[in-house]
Amino acid sequence: MSTNKSNLNRSQQQVADQKLIDGLTKHAATIQSVVIGGTSHPTAALVAAMQARLATASAALTTRATWLSAVKADADERAKTKTLVSGLRQAMQVAFVGSIDALADFGLKPRKQPAARTPEEKASAVAKALATRKARHTMGAQQKKGVKGAVTGVVVTTVTAQPTAAVSTGPSAPATSTGPSTGGTRHP
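A quick note: this is a predicted structure, and the numbers were derived from the prediction, not measured. (Residues numbered from 1 in each chain as written. Predicted model: local features only at pLDDT ≥ 70, side-chain atom pairs only at ≥ 80, totals over all residues. Heavy atoms only, no water.)

**Quick word on the nonpolar core**
Reasoning step 1: Ile21, Leu24, Leu46, Val47, Met50 and Leu54 form the largest nonpolar core, which has six residues in total.
Reasoning step 2: Elements with a minimum of two residues in this core: helix 1 (10-26) and helix 2 (43-95).
Reasoning step 3: Here this core gets four residues from one element, more than from any other, and that element is helix 2.
Reasoning step 4: Apart from the residues lying within four places of it in its own chain, the contact partners of Met50 are Asp17, Leu20 and Ile21. (Core = buried A, V, L, I, M, F, W, Y, C linked by side-chain atoms within 4.5 Å. Buried < 20%, exposed > 50% of the residue type's maximum accessible area, 1.4 Å probe, protein only. Helix = DSSP H or I, 4+ residues; strand = E, 2+ residues; numbered from the N terminus. Contact = heavy atoms within 4.5 Å.)

**With respect to the side chain of Gln93**
Reasoning step 1: As for its placement among the helices and strands, Gln93 is situated in helix 2.
Reasoning step 2: What makes Gln93 buried here is its relative accessible area of 12%.
Reasoning step 3: At 2.9 Å, the side chain of Gln93 and the backbone oxygen of Lys109 are in polar contact.
Reasoning step 4: When sequence neighbours within four positions are dropped, the list of residues in contact with Gln93 reads Leu103, Leu108, Lys109, Pro110 and Arg111. (Polar contact = N/O pair within 3.5 Å; in protein donor to acceptor, adjacent residues only side chain to side chain.)

**Digging into a nonpolar patch on the surface**
Reasoning step 1: Judged by side-chain polarity, Trp67, Leu68 and Val71 come together as a nonpolar surface patch covering roughly 290 Å² of accessible area.
Reasoning step 2: Structurally, the position occupied by Leu68 is in helix 2.
Reasoning step 3: A residue is classified by how much of its surface remains accessible, and Leu68, at 38% relative accessible area, is partly exposed. (Patch = residues over 30% accessible without salt bridge, like charges linked within 9 Å, V, L, I, M, F, W, Y side chains within 5 Å. Areas by Shrake-Rupley, 256 points an atom, 1.4 Å probe, with all protein chains shown as cover. Salt bridge = Lys/Arg side-chain N within 4 Å of Asp/Glu carboxyl O.)

**Structural notes on the pairing of strand 2 (residues 39-42)**
Reasoning step 1: Where strand 1 (residues 33-36) and strand 2 come together, four bridges link them in antiparallel fashion. Residue pairing in the sheet places Ser33 in a bridge with Pro42 of strand 2.
Reasoning step 2: Between the end of strand 1 and the start of strand 2, which pair antiparallel, lie two residues, with Gly37 showing a positive phi angle near 65°. (Pairing = 2+ DSSP bridges.)

**Quick notes on the side chain of Asp17**
Reasoning step 1: Position of Asp17 relative to the elements: it lies in helix 1.
Reasoning step 2: Setting aside chain neighbours within four positions, we find Asp17 in contact with Met50, Arg53 and Leu54.

**Some words on helix 2**
Reasoning step 1: Between its first and last C-alpha, helix 2 extends 73 Å over 53 residues, near the 78 Å set by a 1.5 Å rise per residue.
Reasoning step 2: The sharpest bend along helix 2 measures roughly 55° and falls at Thr81.
Reasoning step 3: Of all the residues in helix 2, the buried ones are Thr43, Leu46, Val47, Met50, Leu54, Ala57, Met92 and Gln93.
Reasoning step 4: Looking at the buried side of helix 2, the elements it contacts are helix 1, strand 1, strand 2 and helix 3 (100-105). (Expected span 1.5 Å × (residues − 1). Bend = angle between axes of the 7 residues up to and from the residue.)

Shown next as structure tokens:
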């Protein structure tokens, strides 16, 4: 039964390739050449091809490790200097507030100014905000302080246990069971 080698991770592929090299080296006297795709390949050429494959896999692993190290160093440096860069951008925005060309030299754009609103638009916005607060029943901190819950319509009764006395008023009636039936006869 063959195994699909393309589903293996890189280290598993390297182990499988090394085993092929070991097997070809061990049986080099028995296997002089192998025909693959209609072409005869000497054992030494196959071993060389497999070793080249291992070398490129090893190079990829070390290159990946170097890349991961560089990515981590970049992320650490960016985290360390984040506040500094943010402050520098803000300082340039303030220093060159009226000069679009100077801000462009720093890769910045002027801050967007809010559109001027008419008094009617402002009044409409205030009315809408008040209507929303009323609809949602929202209150500020001062209004919340005055709100206290009132409990109405709740009656609290205390229950005391009373002793029960067995009173016999005549012939005893058969007992009724509330538990599971045992299927037998009952004795009074």
